[in-house]
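Residue-level structural notes
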Amino acid sequence: MTPSRSVRSPALHIEYMTQKRGLITDTFKVVNKARRGGKRDKCPSPPIAGGIVRLSLKPEPPQLSERDIDLQGLKKFDLEWKFGPCTGISRLQRWERAALHGLNPPQEIKDILLKQSTDQEYTQSLWCDYPL
(Lines give C-alpha, C1' and ligand atoms only; values in the text may rest on other atoms or scores of the structure.)
Protein backbone atom coordinates (compact mmCIF):
# COMPACT_ATOMS: atom_id res chain seq x y z
CA MET A 1 0.00 0.00 0.00
CA THR A 2 1.13 3.43 -0.76
CA PRO A 3 1.00 6.09 1.90
CA SER A 4 -1.94 8.37 1.48
CA ARG A 5 -1.45 11.99 0.73
CA SER A 6 -3.39 14.64 2.45
CA VAL A 7 -5.86 16.02 0.01
CA ARG A 8 -6.48 19.73 0.03
CA SER A 9 -9.80 21.16 -0.71
CA PRO A 10 -10.11 23.31 -3.83
CA ALA A 11 -10.82 26.39 -1.72
CA LEU A 12 -7.57 25.97 0.22
CA HIS A 13 -5.65 25.41 -2.99
CA ILE A 14 -6.95 28.67 -4.53
CA GLU A 15 -6.16 30.55 -1.33
CA TYR A 16 -2.62 29.12 -1.32
CA MET A 17 -2.05 30.15 -4.95
CA THR A 18 -3.29 33.71 -4.47
CA GLN A 19 -1.21 34.48 -1.37
CA LYS A 20 1.40 37.16 -1.80
CA ARG A 21 4.70 35.43 -1.24
CA GLY A 22 7.17 38.27 -1.91
CA LEU A 23 10.15 38.40 -4.17
CA ILE A 24 12.78 35.75 -4.55
CA THR A 25 15.38 38.26 -3.38
CA ASP A 26 13.51 38.49 -0.05
CA THR A 27 14.50 34.93 0.76
CA PHE A 28 18.23 35.34 0.18
CA LYS A 29 20.72 37.38 2.14
CA VAL A 30 22.13 40.40 0.25
CA VAL A 31 25.87 40.12 -0.28
CA ASN A 32 27.90 43.04 -1.62
CA LYS A 33 30.55 41.94 -4.06
CA ALA A 34 34.04 43.36 -3.87
CA ARG A 35 35.12 45.57 -6.74
CA ARG A 36 37.28 44.01 -9.41
CA GLY A 37 40.27 46.24 -8.83
CA GLY A 38 39.75 46.24 -5.12
CA LYS A 39 40.63 49.24 -3.03
CA ARG A 40 43.97 50.77 -3.75
CA ASP A 41 46.11 52.04 -0.98
CA LYS A 42 46.89 55.69 -1.31
CA CYS A 43 50.61 55.83 -0.96
CA PRO A 44 52.57 58.68 -2.48
CA SER A 45 55.12 57.83 -5.11
CA PRO A 46 58.70 58.48 -4.10
CA PRO A 47 60.04 61.85 -5.26
CA ILE A 48 62.47 61.91 -8.14
CA ALA A 49 65.78 63.70 -7.73
CA GLY A 50 65.36 67.41 -8.30
CA GLY A 51 61.73 67.39 -7.15
CA ILE A 52 60.28 66.83 -10.66
CA VAL A 53 57.72 64.05 -10.96
CA ARG A 54 56.95 62.72 -14.44
CA LEU A 55 53.37 61.61 -14.91
CA SER A 56 53.71 60.46 -18.50
CA LEU A 57 53.15 56.74 -19.00
CA LYS A 58 53.89 56.84 -22.72
CA PRO A 59 57.46 56.32 -23.83
CA GLU A 60 59.02 59.33 -25.47
CA PRO A 61 59.21 59.12 -29.26
CA PRO A 62 62.69 58.89 -30.72
CA GLN A 63 64.29 62.18 -31.72
CA LEU A 64 63.99 62.80 -35.47
CA SER A 65 66.82 64.16 -37.51
CA GLU A 66 66.45 67.44 -39.40
CA ARG A 67 66.18 65.47 -42.64
CA ASP A 68 63.32 63.34 -41.28
CA ILE A 69 61.49 66.44 -40.06
CA ASP A 70 61.91 68.12 -43.46
CA LEU A 71 60.68 65.04 -45.33
CA GLN A 72 57.64 64.77 -43.07
CA GLY A 73 56.78 68.39 -43.84
CA LEU A 74 57.17 67.75 -47.58
CA LYS A 75 54.95 64.66 -47.40
CA LYS A 76 52.31 66.69 -45.58
CA PHE A 77 52.57 69.29 -48.38
CA ASP A 78 52.10 66.52 -50.98
CA LEU A 79 48.96 65.32 -49.23
CA GLU A 80 47.36 68.79 -49.03
CA TRP A 81 44.97 68.88 -51.99
CA LYS A 82 44.19 72.56 -51.54
CA PHE A 83 47.50 73.35 -53.30
CA GLY A 84 46.45 71.48 -56.42
CA PRO A 85 47.53 68.18 -58.00
CA CYS A 86 51.14 67.12 -57.63
CA THR A 87 51.54 64.43 -60.29
CA GLY A 88 53.84 65.19 -63.19
CA ILE A 89 55.55 68.23 -61.63
CA SER A 90 58.18 68.82 -58.98
CA ARG A 91 57.35 70.05 -55.51
CA LEU A 92 58.86 73.45 -56.22
CA GLN A 93 56.75 73.83 -59.39
CA ARG A 94 53.67 72.90 -57.40
CA TRP A 95 54.57 75.39 -54.67
CA GLU A 96 55.07 78.17 -57.22
CA ARG A 97 51.80 77.34 -58.99
CA ALA A 98 49.93 77.42 -55.66
CA ALA A 99 51.52 80.78 -54.81
CA LEU A 100 50.61 82.14 -58.26
CA HIS A 101 46.95 81.21 -57.69
CA GLY A 102 46.90 82.80 -54.22
CA LEU A 103 46.62 79.52 -52.27
CA ASN A 104 49.26 80.60 -49.71
CA PRO A 105 51.53 77.55 -49.56
CA PRO A 106 53.84 77.41 -46.50
CA GLN A 107 57.06 79.42 -46.94
CA GLU A 108 58.99 76.76 -44.95
CA ILE A 109 58.35 74.28 -47.76
CA LYS A 110 59.91 76.59 -50.34
CA ASP A 111 62.90 77.18 -48.06
CA ILE A 112 63.44 73.42 -47.68
CA LEU A 113 63.11 72.87 -51.44
CA LEU A 114 65.61 75.63 -52.28
CA LYS A 115 68.06 74.38 -49.65
CA GLN A 116 68.00 70.80 -51.01
CA SER A 117 67.46 71.47 -54.72
CA THR A 118 69.59 68.54 -55.95
CA ASP A 119 68.24 65.70 -53.78
CA GLN A 120 65.54 63.69 -55.62
CA GLU A 121 63.89 62.73 -52.32
CA TYR A 122 63.28 66.42 -51.66
CA THR A 123 62.39 67.64 -55.14
CA GLN A 124 59.97 64.91 -56.28
CA SER A 125 56.55 64.33 -54.73
CA LEU A 126 55.32 61.12 -53.17
CA TRP A 127 53.63 60.18 -56.45
CA CYS A 128 56.63 60.58 -58.77
CA ASP A 129 57.09 56.80 -59.17
CA TYR A 130 53.56 56.33 -60.49
CA PRO A 131 52.81 56.77 -64.20
CA LEU A 132 50.36 59.44 -65.28
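Look above for the structure.
The rules behind the values
- Residues numbered from 1 in each chain as written.
- Predicted model: local features only at pLDDT ≥ 70, side-chain atom pairs only at ≥ 80, totals over all residues.
- Heavy atoms only, no water.
- Helix = DSSP H or I, 4+ residues; strand = E, 2+ residues; numbered from the N terminus.
- Buried < 20%, exposed > 50% of the residue type's maximum accessible area, 1.4 Å probe, protein only.
- Contact = heavy atoms within 4.5 Å.
- Areas by Shrake-Rupley, 256 points an atom, 1.4 Å probe, with all protein chains shown as cover.
- Salt bridge = Lys/Arg side-chain N within 4 Å of Asp/Glu carboxyl O.

Glancing now at the overall build of the chain. From N to C terminus, the chain includes five helices and zero strands. Helices (α) and strands (β) of the chain occur, in sequence order from the N terminus, as α-α-α-α-α. Buried residues in the chain amount to 15% of all 132 residues. Sequence-distant contacts in the chain: of pairs separated by 6 or more residues, those separated by 24 or more amount to 44%. Accessible area for the chain stands at about 12400 Å²; split by element, carbon and sulfur atoms hold 57% of it.

So, about the pattern of salt bridges. Within the structure shown, the criterion is met by five salt bridges. Notably, a salt bridge pairs R67 with E121, separated by 2.5 Å at the nearest N-O pair. With R67 in helix α2 (residues 66-79) and E121 in helix α5 (residues 120-123), this pair connects stretches of sequence that are 54 residues apart. On the basis of relative accessible area, R67 is assigned to the partly exposed category, the value being 35%. When its relative accessible area of 44% is taken as the criterion, E121 is described as partly exposed. The salt bridge partner of D78 is R91, with a shortest N-O separation of 2.6 Å. Of the two residues, D78 sits in helix α2 while R91 sits in helix α3 (residues 91-100), which places them 13 residues apart along the sequence. With respect to class, D78 is no different from R91; both count as buried. Members of the salt-bridge network, linked through shared partners, are E66, D70 and K115.

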